[in-house]
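Below are the chains, spelled out letter by letter.
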Amino acid sequence: MMLVKLGGSVITDKTKKYIFREKTMRRLAEEIRKSGEKVVVVHGAGSFGHILAKKYRLDKGFIHERQVKGVAVVQRDVKNLNLKVVNCLIDAGMNPVSIPPSSVVECRNKKIEKINLDVFKKYFNLGLTPVTFGDVALDRKLGFCIVSGDLLMLELARVFKPEKAVFVVDVDSVYINGKMVEKVDRKIIQNLERKKTKIPDVTGSMHEKVKIGLEMSKFTKIMIINGNVKGRLGDALKGRKVVGTVVG
Ligand code: IPE
């Protein structure tokens, strides 16, 4: 099996609230289905999550009762996005099932401490495609926290030991000093720039993704590829050589 993370920057416009990139998502769904691979799909929150999560400072955990509204709204919004993703997967001929982290994950200090992976395994074994996503979840220390799709990928890699895990993003590769790098490992991660951008993102940059990827590389092969280029996800899943960055 393979793990696929569809980044929020690909399936939404991260700068404008609630803009779903339906055409892109439909194409990616087709590419996954046509690959014939069994997958578990994780997707990011994009502008359905980050903008209001930042406004309500949900990444800080519970610090004020005003945030409770934010928890409710962001959980609803990411579920709305998830429904759109699931619709595209069904229309492409797949059999997805949503597994919201808000009900199966508990964190401690922003780290996943408990996750009911049995639910993923059982649906997967029935032939369905589990779909989970970046969400707001319970946190034993902070009350609640943001759980990113990337962290979910790590937990899924631990149990599924997939043949490959593909991170679908909106750039061709990881860049160091403006240069594309085909492979990142522990040694060169220090050189990865931590760019400050205006785009709201409460879960971290490419740097964070590569760090999680390095940890995942104990369990599987990892690739970061550009989902805006037609056919790249499909080719990566089929094992063809594609432009992108290998982590590990
Ligand atoms: C973020 O999830 C979740 C929320 C902001 C609620 P991700 O970190 O996986 O989302 P993207 O891929 O950056 O959009």
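Residues numbered from 1 in each chain as written. Predicted model: local features only at pLDDT ≥ 70, side-chain atom pairs only at ≥ 80, totals over all residues. Heavy atoms only, no water.

Caption draft 1: Layout of the overall build of the chain. Scanning the chain from terminus to terminus reveals nine helices and 14 strands. Taken over the C-alpha trace, the chain has a radius of gyration of 17 Å; the compact-globule value for 248 residues is 18 Å, and the two agree within 12%. By principal-axis analysis of the C-alpha atoms, the chain measures approximately 50 × 45 × 35 Å. The buried share of the chain, reckoned over its 248 residues, is 54%. A sequence separation of at least 24 residues applies to 74% of the contacts in the chain between residues at least 6 apart. (Helix = DSSP H or I, 4+ residues; strand = E, 2+ residues; numbered from the N terminus. Rg over C-alpha atoms; globule rule 2.2 N^0.38 Å. Buried < 20%, exposed > 50% of the residue type's maximum accessible area, 1.4 Å probe, protein only. Contact = heavy atoms within 4.5 Å.)

Caption draft 2: Quick look at the sheet that holds strand 8 (residues 143–147). Here we have four strands laid out as an open sheet, ordered 5-4-7-8, and mixed in their pairing. Taken across any chain shown, the strands that pair with only one partner, and hence form the sheet edges, are strand 5 (111–115) and strand 8. Sheet twist, expressed as the average angle between the axes of neighbouring strands with direction ignored, equals 45°. Strand direction decides the pairing type here: strand 4 (residues 105–108) and strand 5, joined by four bridges, are antiparallel. Of the residues in strand 5, the one forming a bridge with E106 is K114. (Pairing = 2+ DSSP bridges. Axes fitted to C-alpha atoms, helices over the stretch in contact; angles between N-to-C directions.)

Caption draft 3: Summary view of the environment of L214. With respect to the element layout, L214 can be found in helix 8 (residues 206–216). Considering only alpha carbons, one finds L214 and P130, 84 residues apart in sequence, at a separation of 24 Å. Ignoring anything within four residues of it in the chain, the contact list for L214 reads V184, D185, R186, I189, V247 and G248.

Caption draft 4: The arrangement of the side chain of T24 in detail. Of note, T24 is situated in helix 2 (residues 22–35). Judged by its relative accessible area of 14%, T24 falls in the buried class. Each residue touching T24, except ones within four places of it in the same chain, is listed here: V10, G227 and N228.

Caption draft 5: Up close: helix 6 (residues 117–125). Considered for burial, the residues of helix 6 that qualify are L117, F120 and F124. Each buried residue of helix 6 lies within a common arc of 55° when the element is viewed along its axis, so the set occupies one face. Among the exposed residues of helix 6, those oriented more than 90 degrees off its buried face are K122 and N125. Where helix 6 is buried, its residues meet strand 2 (39–43), helix 5 (101–104), strand 5, strand 6 (129–133) and helix 7 (149–160). Capping the start of helix 6, N116 holds a side-chain oxygen 3.3 Å from the backbone nitrogen of D118, two or three residues further along. (Arc of directions from axis to C-beta. Polar contact = N/O pair within 3.5 Å; in protein donor to acceptor, adjacent residues only side chain to side chain.)

Caption draft 6: Region of the structure containing the environment of A165. By the secondary structure assignment, A165 is in strand 9 (residues 164–169). Between the alpha carbons of A165 and I224 there is a distance of 8.7 Å; along the sequence they are 59 residues apart. Ignoring any residue separated from it by four or fewer positions in sequence, one finds A165 in contact with L3, M153, M216, T220, K221, I222 and M223.

Caption draft 7: Up close: the site of the ligand. Taken together, 17 residues lie around the ligand, and G8, G46, H50, G149 and T203 are the ones closest in. Interatomic distance of 3.1 Å between a side-chain N/O atom of K5 and an oxygen atom of the ligand. Here an oxygen atom of the ligand and a backbone polar atom of A45 are 3.0 Å apart. Its residues placed into classes, the shell around the ligand shows four nonpolar, ten polar and three charged. (Near = heavy atom within 4 Å. Nonpolar A, V, L, I, M, F, W, Y, C, P; charged D, E, K, R; others polar.)

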